[in-house]
Amino acid sequence: MIFDLQIRAQLENVGQIIPSDADDFEWNVMFKCSGCGEERDTFRVLSLSDTSTGKSGKGEAHLVETCHFCGRANTVVIMEKSGAIPYLEADSGSFKTLCSLDCRGLEPTKFKLGGGFRVSASNSKTVFDDVALADEEWTEYDATAKESLSIMEVESRFVKRK
Ligand SMILES: [Zn+2]
């Protein structure tokens, strides 16, 4: 089952937001086992550059684990292009997919925003790296364009693909 992780934010003088490095970006996700419904209360860190092969040998995944309760072997694969599509100024106020997860036996329940984002100004060539969106809002002054940049009301959600 494929789940799209979508974000929404209000951008001001910000041209785009994108993970600085799509391969090494850390996606902090909480999952629930679809077999028994057991919900884990810890965030798992998934990264495109970090794969492992499950005991079943069914190929590589970015998360492989056996549920402690029902014994099911569950896997998650981060799909191609995840982290490579920017959230643009034109997307401001709307949800846009940032990452897609192909989940077998698991369902994502929560996403934790963190650091690792690159933010580009809309009216200059100024770029801010390793921006953390953990506080749900971010402001900075762009000395080149002589204006303030802000990212407010950051929200995320998972949408199951039909
Ligand atoms: Zn389970």
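As a reminder, the structure under discussion sits directly above these lines.
These figures come from a predicted structure and were not determined experimentally.

Re the overall build of the protein
Item 1. The helix and strand tally for the protein stands at zero helices and 15 strands.
Item 2. Reported as C-alpha extents along the three principal axes, the dimensions of the protein are approximately 55 × 25 × 25 Å.
Item 3. Out of the 162 residues belonging to the protein, those deemed buried represent 25%.
Item 4. The contacts in the protein between residues at least 6 apart in sequence include a share of 62% that link residues at least 24 apart.

Structural notes on the environment of Ser-156
Item 1. Topologically, Ser-156 is positioned in strand E15 (residues 147-160).
Item 2. For the pair Ser-156 and Lys-96, spaced 60 residues apart in sequence, the C-alpha to C-alpha distance is 9.3 Å.

Overview of the sheet that holds strand E11 (residues 106-112)
Pairing between the strands of a sheet is mediated by backbone hydrogen bonds and can be parallel or antiparallel.
Item 1. Strand order in this open sheet of three strands is E4-E3-E11, and the pairing throughout is antiparallel. The sheet is open, and its two edges are formed by strand E4 (44-46) and E11, each paired on a single side. Neighbouring strand axes in the sheet, compared pairwise and without regard to direction, differ in orientation by 45 degrees on average.

Some words on the nonpolar core
Item 1. Counting residues in each nonpolar core, the largest one holds 31 residues, and the members touching the most others are Val-76, Ile-78, Leu-101 and Ile-151.
Item 2. Listing elements by their share of this core, those giving two or more residues are strand E1 (2-12), strand E2 (14-19), strand E3 (27-33), strand E8 (73-78), strand E10 (96-104), E11, strand E12 (117-121) and E15.
Item 3. When neighbours within four sequence positions are excluded, Leu-101 is seen to be in contact with Phe-3, Leu-5, Val-76, Ile-78, Met-79 and Pro-108.

Some points on the sheet that holds E15
Item 1. Strand order across the open sheet formed by six strands is E7-E8-E10-E1-E15-E14, with antiparallel pairing between neighbours. Two strands close off the open sheet at either side, each with one partner strand: strand E7 (63-66) and strand E14 (138-142). Across this sheet, the average inter-strand angle for adjacent strands is 20 degrees, counted without regard to direction.
Item 2. Pairing analysis gives four bridges linking E7 to E8, with the strands arranged antiparallel. Across the sheet, the residue bridging to Thr-66 is Ala-73, located in E8.

Points about unusual backbone geometry
Item 1. In the Ramachandran plot, Asn-13 falls in the positive-phi region, its phi being about 60 degrees despite a non-glycine side chain.
Item 2. Despite not being glycine, Lys-81 has its phi angle at roughly 75 degrees, a positive value.
Item 3. Tracing the chain through its elements places Lys-81 in the loop between E8 and strand E9 (87-88).

Thoughts on the environment of Leu-48
Item 1. Mapping Leu-48 onto the fold places it in the loop between E4 and strand E5 (52-53).
Item 2. Its 22 C-beta neighbours within 10 Å are what place Leu-48 among the buried residues.
Item 3. Separated by 32 residues in sequence, Leu-48 and Glu-80 place their C-alpha atoms 8.8 Å apart.
Item 4. Once you skip the residues sitting within four places of it in the chain, Leu-48 turns out to touch Ala-22, Asp-23, His-62, Ile-78, Ser-82 and Gly-83.

Parameters and conventions
- Counting starts from 1 at the beginning of each chain's written sequence and moves along it residue by residue.
- The predicted origin of the model limits local features to residues at a pLDDT of at least 70 and limits the giving and counting of side-chain atom pairs to 80 or more, whereas totals for whole chains, interfaces and linings rest on all residues.
- The numbering of helices and of strands both runs from the N terminus, where a helix is a DSSP run of H or I of at least 4 residues and a strand a run of E of at least 2.
- With C-beta atoms placed from the backbone, a residue is labelled by how many other C-beta atoms lie within 10 Å of its own: buried for 20 or more, exposed for 12 or fewer, partly exposed between the two.
- Placing a C-beta atom from the backbone of each residue, one calls two residues in contact when those atoms lie within 7 Å.
- The rule for pairing is simple: two strands pair if DSSP sees at least two bridges between them.
- Axes, fitted as lines to C-alpha atoms, cover a helix only where it is in contact. Angles between the N-to-C directions of the axes lie from 0 to 180 degrees.
- In this usage, the nonpolar core is the set of buried Ala, Val, Leu, Ile, Met, Phe, Trp, Tyr and Cys residues whose C-beta atoms join them within 7 Å.

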